[in-house]
Amino acid sequence: MESETTIEIEVHLDADAAATMRSDVRRGLLAEPKELSPKYFYDERGSQLFERITELEEYYPTRAEREILAGRSREIVAAAGCPETLVELGSGSAAKTRHLLSAMEVGGCLRTYVPVDISEEITHSTAACLVEEYPGLSIQGLVCDFERDLERIPADLGPRLIAFLGGTVGNLYPDQRRDFLARLAALMGPDDRLLLGTDLVKETERLELAYDDPAGVTAEFNKNVLTVLNRELGADFDLDDFQHVARYDAEEARMEICLRSLAGRTIRLEALDLSVDFAAGEEIRTEISSKFTRQRLEAVYAEAGMELRGWFTDTAGDYALSLAAPL
Ligand code: SAH
Ligand code: AVI
């Protein structure tokens, strides 16, 4: 890279985003069963707690994805045609992304990195670290909701590799996932490629342990969404009144992460002028985390207007990175 290192980060967490949060939370807490979007986990503390999850012995997906990226990034980048731009959806700390950036640098094609994340703090700190590590890299970050603002991703930066790592696609509900991937496919040019990280179906016991670690970090991460609602919406949740629950639904092939009210109570959300009743034992579903097989992913791509072009797994076969192209 010969050009100058630059960082530009556009923030799109405006009044609309605040209004979306208010209507999402109102709808979710009045729904049957109650639910909240996992995007509200990720304030500064939520991002830090997720980083701690990635270091847990029980949480294998990060390690498995790192193994694939450390061993096969050059192959992946070559299969993607050594594009100039790496767009990363839900980039977070971009810890594993370095393997892709380095492979693009070695291949002589790296120009621009576009991190896209809802968490402003982590996007700024990630960008600041990466410009030190990759002199000449242009960073054009977007702090936004990738579902709401997908069309803001720059399209004029040459061929793009669009990475969606960590298994975050598994946190979208099937209809959301279908719409999201179809919109993404419609935005992709013939030379763009998607690199998608997905956790694979496995034994219930390992899955449940990965989402309910004995040290309680995942429970803290899950309960953090209540802290976010207390702060942003003037809610009066007491975190000790709720229990972290993580169970595998084999039929749907997904983990369901919930918060269970230990007793009957009424929660007040001042900013919504809303009071919500909880029965003893009633749950709020705060996240799903879908698990895939190669066959299921092929079907997911087909209905979104893409096709599978490459399949990379870790040695244990726990996790897959797949490369896809628009049809
Ligand atoms: N890719 C990283 C982080 C995964 S955690 C890894 O593999 O380790 C999920 C990331 O997606 C978080 O950084 C979170 O802030 C971001 N995220 C979740 N929902 C989002 C949304 N709707 N829009 C933008 N970013 C989102
Ligand atoms: C970000 N996402 C892929 C994580 C997952 O595994 O579904 C979030 C997470 N929730 C609890 N532990 C990790």
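Residues numbered from 1 in each chain as written. Chains lettered and ligands numbered in written order. Predicted model: local features only at pLDDT ≥ 70, side-chain atom pairs only at ≥ 80, totals over all residues. Heavy atoms only, no water.

**Considering the pairing of strand β13 (residues 306-313)**
We apply this condition: Strand pairing is assigned whenever DSSP detects at least two bridges linking the two strands. In this description a helix means any DSSP run of H or I spanning at least four residues, a strand means any run of E spanning at least two, and both kinds are numbered starting from the N terminus.
Pairing analysis gives seven bridges linking β13 to strand β14 (residues 319-326), with the strands arranged antiparallel. Among the inter-strand pairings, Phe 312 is bridged to a residue of β14, identified as Leu 321. Linking β13 to β14, which pair antiparallel, is a turn of five residues; within it Gly 317 sits at a positive phi near 75°.

**What to know about the layout of surface pockets**
For clarity, the threshold we go by: Points on a 1 Å grid over protein atoms alone make up a cavity when a 1.4 Å probe fits among them but cannot get out, and a pocket when they form an open set with protein on both sides within 12 Å along at least five of seven lines; lining residues each have an atom within 4 Å of a point. Grid points are joined across faces, edges and corners, and a volume is the space filled by probe spheres set on the points. Gly counts as polar in this scheme, as do all residues outside two lists: the nonpolar Ala, Val, Leu, Ile, Met, Phe, Trp, Tyr, Cys and Pro, and the charged Asp, Glu, Lys and Arg.
Estimates place the volume of the second largest pocket at around 530 Å³. What lines the second largest pocket is a set of 23 residues, among which Leu 13, Met 21, Tyr 40, Ile 118 and Glu 232 lie closest to the centre. Elements with a minimum of two residues in the lining of the second largest pocket: α1 (15-30), α5 (120-133) and α8 (217-233). Examining the composition of the lining of the second largest pocket, we find that five residues originate from one element, α1, more than from any other. In terms of residue class, the lining of the second largest pocket is made up of ten nonpolar, two polar and eleven charged.

**Brief notes about α5**
Going by this rule: One less than the number of residues in a helix, times 1.5 Å, gives the span that helix is expected to have. Partly exposed residues are those whose accessible area sits between 20% and 50% of the maximum for their type, while under 20% is buried and over 50% is exposed, using a 1.4 Å probe and protein chains only. Of all possible arcs, the one meant is that of the directions from the helix axis to the C-beta atoms. Here a residue-residue contact requires only that any non-hydrogen atoms of the pair lie within 4.5 Å.
Given a rise of 1.5 Å per residue, 14 residues ought to cover 20 Å, and the 20 Å separating the end C-alpha atoms of α5 matches this to within 8%. Within the span of α5, buried status applies to Ile 122, Thr 123, Thr 126, Ala 127, Leu 130 and Val 131. With its buried residues spanning 155° around the axis, α5 presents them on a single face. On its buried side, α5 packs onto β1 (6-11), α2 (44-54), α4 (97-106), β4 (112-117) and β5 (138-143).

**What to know about the site of ligand 1**
Put simply, the test is: Throughout this document, a residue counts as near a molecule or strand when at least one of its heavy atoms sits within 4 Å of that molecule or strand. Polar contacts here mean pairs of N or O atoms no more than 3.5 Å apart (in protein, one a potential hydrogen donor and the other a potential acceptor; neighbouring residues in sequence count only if both atoms are side-chain atoms). The Shrake-Rupley method, run with a 1.4 Å probe sphere, supplies the accessible areas, and residue values consider only the shown protein chains as cover.
Taken together, 18 residues lie near ligand 1, and Gly 90, Lys 96, Asp 117, Asp 145 and Phe 146 sit nearest. Here a nitrogen atom of ligand 1 and a backbone polar atom of Gly 90 are 2.8 Å apart. Phe 146 is positioned such that a nitrogen or oxygen atom in its backbone is 2.8 Å from a nitrogen atom of ligand 1. Contact with the protein chains covers 94% of the free accessible surface of ligand 1, which is 570 Å². Considering only residue class, the shell around ligand 1 consists of six nonpolar, six polar and six charged.

**Quick word on α2**
Burial in α2 covers these residues: Gly 46, Ser 47, Leu 49, Ile 53 and Thr 54. Take α2 and look down its axis: the buried residues cluster within an arc of 160°, on one side only. Against α3 (60-79), α5 and α8 lie the buried residues of α2.

**Looking at the site of ligand 2**
Neighbouring ligand 2 are 13 residues; Tyr 59, Asn 171, Tyr 211, Glu 287 and Ser 289 lie closest to it. The separation between an oxygen atom of ligand 2 and a polar side-chain atom of Asn 171 is 2.9 Å. One of the side-chain nitrogen or oxygen atoms of Glu 287 is found 2.7 Å away from a nitrogen atom of ligand 2. In isolation ligand 2 offers 340 Å² of accessible surface; the protein chains occlude 97% of this area. Classifying every residue of the shell around ligand 2 by side-chain character gives six nonpolar, six polar and one charged.

**Quick word on empty space enclosed by the protein**
Tallied over the full model, the rule gives one cavity of 30 Å³ or more. Counting residues per element, the lining of the largest cavity draws most heavily on α3, which supplies three residues. Among the residues making up the lining of the largest cavity, the classes are represented as four nonpolar, two polar and two charged.

**Details of the state of the cysteines**
Quick reminder of the rule: Only a pair of cysteine sulfur atoms within 2.5 Å qualifies as a disulfide here.
Overall, the coordinates contain one disulfide when judged by the stated rule. Each sulfur of the disulfide joining Cys 82 and Cys 109 lies 2.1 Å from the other. Across the disulfide from Cys 82 to Cys 109, rotation about the S-S bond amounts to roughly -75°, and the bridge is consequently left-handed. Taken together, the positions of Cys 82 in the loop between α3 and β3 (85-89) and Cys 109 in the loop between α4 and β4 put the pair 27 residues apart, joining distant regions of the chain. For Cys 82, a relative accessible area of 23% translates into the label partly exposed.

**Observations concerning the sheet that holds strand β2 (residues 34-35)**
Sheet architecture is open: four strands sit in the order β2-β12-β9-β8, paired in mixed fashion. Each of the sheet's edge strands pairs with one partner strand only, and the pair in question is β2 and β8 (242-249). The pairing of β2 with strand β12 (residues 283-290) spans two bridges and is parallel. Residue pairing across strands places Glu 35 opposite Arg 285, the latter belonging to β12.

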